[in-house]
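Commentary on secondary and tertiary structure
One-letter residues, chain by chain:
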Amino acid sequence: MNNGREIRDPIHGFIFRSEIEEKIIDSSVYQRLRNIKQLALANLVYPGANHTRFEHSIGVMHIAGRLAEKFDLTPDEVRLVKLTALLHDIGHGPFSHVSERVLDKYVNSDIVNSDVLEKIHESITCQIILEDNELSHLLSKREREQITDLILGKSSNDLVRNIISGPLDADKQDYLLRDSYYCGVRYGVYDIDRLLNTLCTFNDRNITYLAIPNESVYTLEQFVIAKYHMNTQVYYHKIRLITDSMIVRGIVLGIEVDDIDWLKKMYSYDGTSDFIQNYINWNDSNFFTKILSEENNKSLSYKYFNALKNRKLHKRIFTQSLPYFKDAEVIKYLSEILKFPNVINEIEKEIAKFLSDYLKVSISKEQVILNKYMFKSVKEQSKDDEGSIIVLTKDNEKSYFEQESTLFHSIDSKQSDEFLEIYAPIEYSGKEDKEKKKQEIIPNIKKIISEIAKSKISKR
Amino acid sequence: MLIEDIILTLIHLSNNSLKGKTLLQKQVYFISVFLEKDFGYRPHYYGPYSPIVDTTLMKLKSLGFINENVSYWGYDYDGFDKKSYEFSLTDNGNKLFKLFKKSDRTTYNKIEKIYNNMMKTEGTKNYVTLSVAAKLFYILKSSGSKLSKNEMIAEAKSYGWNINEQSVVDGVNILNTLKLT
C-alpha cells in the first residue's frame, strides 16, 4: 500500500512509505538526522559526500521492506522490520561514528551496566526510541520494545534480525551504494537487484539465516569486493583518518583542557532521560556553530575545529605497520597501546618536543595525534562478528562463502595489518622539502616510540 | 592473551611446523576443553570453529610472529586450488613464545601436558580424524546426554556435517582415550 506517499531517492528511485513511516520521518527526532552527515568530514576528501543519516535510514527501510516482502513476512513483521530499519541510526550524534569514540571514553561507567558499556551507541538509540515523546505517541510501548529488541539483537525472530543486522543486512546494502554515489566513486557499486532477487533463507537448527544459492555466488563476490574497496578508498582514506582523529582530539581537548560544560554534558552518557533530552538537540551544524562561537575562541578545541572548517589539516608524518618496530616485545606492546592512554600522551609529548626542535616551530603535545588501527584482509571483511555468509549448495546443504567462491578461496588470507600513525600540523614547502623532512622525522619517531615502549615493558 | 600463548605454544610443540588451519583450530578446541575456557567455538563447515582463534591467528601473522606458508597441490573436483597451510614461528614469534614460557610456566606446563596426551592418542595427528572427534564432542556436549551411533550421525547432519559410521567409531575412540566421554 503506497498511497502515493513516495520519496525520490537517487539510489533506489521511488521509495514508498506508509502513513506511520511518514509520521516518523516528520518527527523532530528523525528530522535531526538531516544534519548528521553519513561520513562525518569525508567531504574534505570527496566534496560530494554531504549525504546524511536521514536519507540513508530511508534507504535502509526501503531495502528491508523489499526483503520482508520477498520472504513473505506477515504484515506485522513487515511493519516491524521497516520501522526498525528507519530508526536504526536515530542515536547518532554529531559526526556519526566519530562521536562513538568520545562516548566510549566518557561514559559514566559507575552508573551504566556492563551490557550498555559495550554498546553505548545502540543503547542511546534504544533509549531515544523508548523515551521520545513524539515517537511514544506514534508507536505503542510494545512496538517500541520490539524495535529496540531487534536493534540490540535480542529478537527471537531470526529472519527479521538478520535483515537488520548480519553480513547481508539492509544497512550494508544501502550504505555501499549510497556512499559510493555521493563520494563520486564506483567502488561500492554492486548489482543490488540481482542480490535481492537471489537471496534466500536457510534454516539451521531452528534458526533462519539469510543465505545465497551457490549459483549466485558471483553476485555476492561483487558485494564483498565493493565493501573491501570502499574500506580502502573511502572509509580508511588517509585524509579521513586524519579528520576523524582531529575531531576526536578537538572534543577531548574541549572536555579535558578547555573545561567546556556543554561538551562534557553531551558525551558523559549516564543512561538518564536528561542526557537523552540534551543529546537529541545536537547535530553537525549546531555543534560547529557552538564550538566556533566567539566565547570559545581562545580554546584548543576552537583551534582544532577552525582548522577543520578551513581544511588546514594535520599531515600524516609517520605510518608503519607494527612489524616495522622489529623488537618482538615492542611490537606486542604497541599492538595493545590503546589500553594505555598515558603512554600515548607521553609519546605525543616527546614527538612534539622533537618536532619543535627540528622544525624550529612551536608544536605542542596537544597538536600531535597517535592513531592505531587494524585493516582486515579482504577475506576477513567477507565476514562480520556473526560469522560467514551462508551459501546453499546444489544439494541444498549448508556451506560458506569462502568455501564456495572460487575467487575468495584462492585469496591469501594473511594480508591484514595493524598500523600506527602520527599526525601533526607540519608544513612542507614542496616535494623535495617533504622528502628531506620525512627522512629525518620517520627514524626519530620510530626511536621515540620504541624507547618509550621498552621503558614501559621493563617496568612491568 | 591466553589464546595467543596457546597458538604460539602449539606451533612450537609441533617442531615449529603446524600443518593446517583445521588442525590448529581443533587442537586449540581440545586445549580449551581441558583448560575449561570458552573461546567462542561454534559449528562451522569443518567442525567447531572459533572466530576469536581465527582473529588471533590473523593478528599474530600480521604482527610478524607467525609465518604462514601456503602450498598448492592441484585442483579439486570443483576446480578449486587444493592448498595446505603450514604455520611456523618467526624469530620474533619464538622470542614471544619463550617470554610466555618463562613468565607463566604453570600454564605452559598444562598446555604441554594436554598436547602430549593428545599426541599419544591414535588419530589425533590427522586433522580429519581430530576434526571428527571435535564434531562428536561438540554434539555430545550440546545434547547433554549419551547418544547412539545413529543419533550422532543424524545430529551431525543437522549441523551440516557428514560423518559415516566408521568415522564415528574412530572419533569416539579418540574421545574415550582422552577421557572426554
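This text follows the structure it describes.
Residues numbered from 1 in each chain as written. Chains lettered and ligands numbered in written order. Predicted model: local features only at pLDDT ≥ 70, side-chain atom pairs only at ≥ 80, totals over all residues. Heavy atoms only, no water.

Along chain B, the regular secondary structure elements total eight helices and five strands. Reading chain B from its N terminus to its C terminus gives the helix and strand order α-β-α-β-β-α-β-β-α-α-α-α-α. Judged by the C-alpha coordinates and their principal axes, chain B covers about 50 × 45 × 25 Å. Classification of the 181 residues of chain B by burial places 50% in the buried group. Long-range pairs, those at least 24 residues apart, make up 59% of the contacts in chain B with a sequence separation of at least 6. Element-wise, carbon and sulfur atoms account for 49% of the exposed surface of chain B, whose accessible area totals about 9000 Å². (Helix = DSSP H or I, 4+ residues; strand = E, 2+ residues; numbered from the N terminus. Buried < 20%, exposed > 50% of the residue type's maximum accessible area, 1.4 Å probe, protein only. Contact = heavy atoms within 4.5 Å. Areas by Shrake-Rupley, 256 points an atom, 1.4 Å probe, with all protein chains shown as cover.)

Remark: helix α19 (residues 328–335) of chain A packs on helix α4 (residues 91–103) of chain B, axes separated minimally by 9 Å, with the N-to-C direction vectors making an angle of 80°. When the interaxial angle is binned, α19 of chain A and α4 of chain B end up roughly perpendicular. Mapping the contact onto sequence places Ala328, Glu329, Ile331 and Lys332 of chain A in α19 of chain A and Asn92, Lys95, Leu96 and Leu99 of chain B in α4 of chain B. Grouping the amino acids of the contact of α19 of chain A with α4 of chain B by side-chain chemistry returns four nonpolar, one polar and three charged. (Axes fitted to C-alpha atoms, helices over the stretch in contact; angles between N-to-C directions. Parallel < 35°, antiparallel > 145°, perpendicular 65-115°, else oblique. Nonpolar A, V, L, I, M, F, W, Y, C, P; charged D, E, K, R; others polar.)

All names here are of chain A. Taking strand neighbours across the sheet as the criterion, the three strands line up as β5-β9-β6 in an open arrangement whose pairing is antiparallel. For this open sheet the edge positions go to β5 (315–321) and β6 (369–375), each flanked by a neighbour on one side alone. If you compare each strand with its neighbour and ignore which way they point, the axes differ by 20° on average. Bridge count for β6 against strand β9 (residues 417–424) is seven bridges, and the pairing is antiparallel. Each bridged residue has a counterpart across the sheet, and for Phe375 the counterpart in β9 is Asp417. With respect to the sheet, helix α14 (residues 238–256) is in contact with β5, β6 and β9, its orientation differing from that of β6 by roughly 130°. Where helix α23 (residues 431–458) meets the sheet, it contacts β5 and β9, and its direction lies at approximately 55° from that of β5. (Pairing = 2+ DSSP bridges.)

Residues and elements named next belong to chain A. Secondary-structure assignment places Asn203 in strand β3 (residues 200–204). Judged by its relative accessible area of 47%, Asn203 is partly exposed. For the pair Asn203 and Asp158, spaced 45 residues apart in sequence, the C-alpha to C-alpha distance is 9.7 Å. Within polar-contact distance, the side chain of Asn203 engages the side chain of Thr208 at 3.3 Å. (Polar contact = N/O pair within 3.5 Å; in protein donor to acceptor, adjacent residues only side chain to side chain.)

Attention now goes to the nonpolar core. Tyr267, Tyr269, Phe287 and Phe305 of chain A are the most contacted members of the largest nonpolar core, which totals 115 residues. A total of ten residues in this core trace back to one element, the largest contributor, which is α14 of chain A. Core analysis: the next-biggest nonpolar cluster, separate from the first, contains 89 residues, Tyr333, Leu370 and Ala424 of chain A together with Ile6 of chain B among them. (Core = buried A, V, L, I, M, F, W, Y, C linked by side-chain atoms within 4.5 Å.)

In short, the description is geometric, and any link to function would need to be established separately.
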